[in-house]
Amino acid sequence: MHEHVKIALEVHGLTKRFTKNEGFRWPWRRRDNGRRTIVAVDHVDFQVRRGEIFGILGPNGSGKSTLVRCIATLLIPDEGTITVFGHDVLREEMAVKRLINRVSVEASFFKKLTPMENLLYGARLYGLGAKEARQRILEILTRLGLKREDAFRPMEEMSRGMQQKVAIARAFLTQPILLLLDEPTTGLDPRSKREVQTFIRELRDTHDATILLTTHDMQEADALCDRVAILDEGRIVALDTPQGLKAQVARADDGEVTLEDVFMELTGKRLREEETE
Ligand SMILES: Nc1ncnc2c1ncn2[C@@H]1O[C@H](COP(=O)(O)OP(=O)(O)OP(=O)(O)O)[C@@H](O)[C@H]1O
Ligand SMILES: [Mg+2]
């Protein structure tokens, strides 16, 4: 299916606005000063090639999650179009839903149940057999660095990072063609971060998956992504390979340029307003 399609995702002129009174969940982040709307995503254009790991790098509130939610058919754009392997997200929502899977930090689980129970429930929704699913679940969880016994403890007893790994495992269960990872490694310790990153790479290499991920983490974007779009206040301010982005910023002192330097040069801001580690 879709073997011939080389472009996994095409976003064209995407704009998403929110009205001010809906912004109550982040009142401390409001920049609108009494104005009526926030332009969370502002005329964004990009394409992701099949098999690519594509990063969206941006500070808090730059529109990363909003962009991902629009692609995942959870929000309706105000302007622009999104196609996933040639399917329009609005007109062919069901076809798109079958091709994608989204993982976010606010993943929902049955907290009294164990990861195994939660994941078996997810697997059944996708029509996997219980025996096959059980084996695959254990394999994925241990690959992500969870212990076997963790699969059989209630979710509510687990740390945030562990829960996040279970959320990632759930997305990998169904082997989606386009995986949308909203900050897959935020809040994970360095070792867990590396485990998740390795797993993402493996998934791309061995399962023909295309991956769109968001991150605040410069090293992650640099190490993991084939190309990176830098998002600032809803707009893409640069899009290139990590190497290409770094080459755009000439350093007078001849020192090594990092993506952080690129970001500061392009936006005049620091990227990290908060660090969750
Ligand atoms: N449901 C909503 N209602 C109103 N405003 C929203 C809503 N969702 C997002 N916003 C606003 O849109 C802007 C972009 O938010 P978004 O969550 O996409 O940013 P982000 O880049 O994912 O940030 P973070 O790094 O903190 O996750 C912010 O100003 C936010 O307040
Ligand atoms: Mg977000």
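Residues numbered from 1 in each chain as written. Chains lettered and ligands numbered in written order. Predicted model: local features only at pLDDT ≥ 70, side-chain atom pairs only at ≥ 80, totals over all residues. Heavy atoms only, no water.

## Here we look at the nonpolar core
Cut-off, in case you're wondering: For the purposes of this section, nonpolar cores are sets of buried Ala, Val, Leu, Ile, Met, Phe, Trp, Tyr and Cys residues that join through side-chain atoms within 4.5 Å. Categorising residues by exposure relies on relative accessible area from a 1.4 Å probe, with only protein chains included: less than 20% of the type maximum marks a residue as buried, more than 50% marks it as exposed, and the intermediate range marks it as partly exposed. Secondary structure elements are defined from DSSP: runs of H or I of at least 4 residues count as helices, runs of E of at least 2 residues count as strands, and each element is numbered from the N terminus. A contact between two residues is defined here by any heavy atoms of the two lying within 4.5 Å.
Among the nonpolar cores identified, the biggest contains 48 residues, and Ile137, Leu141, Phe172, Ile200, Ile211, Leu213 and Ile230 are the most heavily contacted of them. Here the element with the most residues in this core is helix H5 (residues 160-173); it accounts for seven residues. Each residue touching Ile230, except ones within four places of it in the same chain, is listed here: Leu57, Arg235, Ile236, Val237, Ala238, Leu245, Val262, Phe263 and Leu266. In terms of nonpolar packing, the next biggest core, distinct from the first, is built from 30 residues, Leu67, Val68, Ala72 and Val84 among them.

## Let's talk about helix H1 (residues 64-71)
With seven of eight residues buried, H1 lies mostly within the body of the structure. Every buried residue belonging to H1 is among Lys64, Thr66, Leu67, Val68, Arg69, Cys70 and Ile71, and all of these are buried. Downstream of H1 by one or two residues, Thr73 has phi in the positive range, about 65°.

## Brief notes about the packing of aromatic side chains
For the record, the criterion: Each Phe, Tyr or Trp ring, with Trp reduced to its six-membered ring, pairs with another whose centre is within 6.5 Å; inter-plane angles below 30 degrees give stacked pairs, above 60 give edge-to-face pairs, and intermediate values give tilted ones.
Inspection of every chain in the model, using the stated rule, returns two aromatic pairs. Aromatic pair Phe46 and Phe54: ring centres 5.0 Å apart, planes at 10°, arrangement stacked. Relative accessible area serves as the criterion here: at 0%, Phe54 is assigned to the buried category. On the basis of an interplanar angle of 85° and a centroid distance of 5.3 Å, the ring pair of Phe110 and Tyr121 is categorised as edge-to-face. With Phe110 in the loop between strand S6 (100-103) and helix H3 (115-125) and Tyr121 in helix H3, this residue pair connects regions lying eleven residues apart in the sequence. Looking at Phe110, the relative accessible area reads 42%, which means it is partly exposed. Look at Tyr121 and you get partly exposed, because its relative accessible area is 43%.

## So, the sheet that holds strand S5 (residues 87-88)
Selection criterion: Pairing between strands is defined by DSSP: at least two bridges between them are needed.
Sheet architecture is open: four strands sit in the order S2-S1-S4-S5, paired in antiparallel fashion. If you trace the sheet from one side to the other, it starts and ends with strand S2 (37-49) and S5, each paired once. Of the strand pairs in this sheet, strand S1 (residues 7-19) and S2 are connected by nine bridges, and their pairing is antiparallel. By the bridge assignment, Phe18 is partnered in S2 with Ile38.

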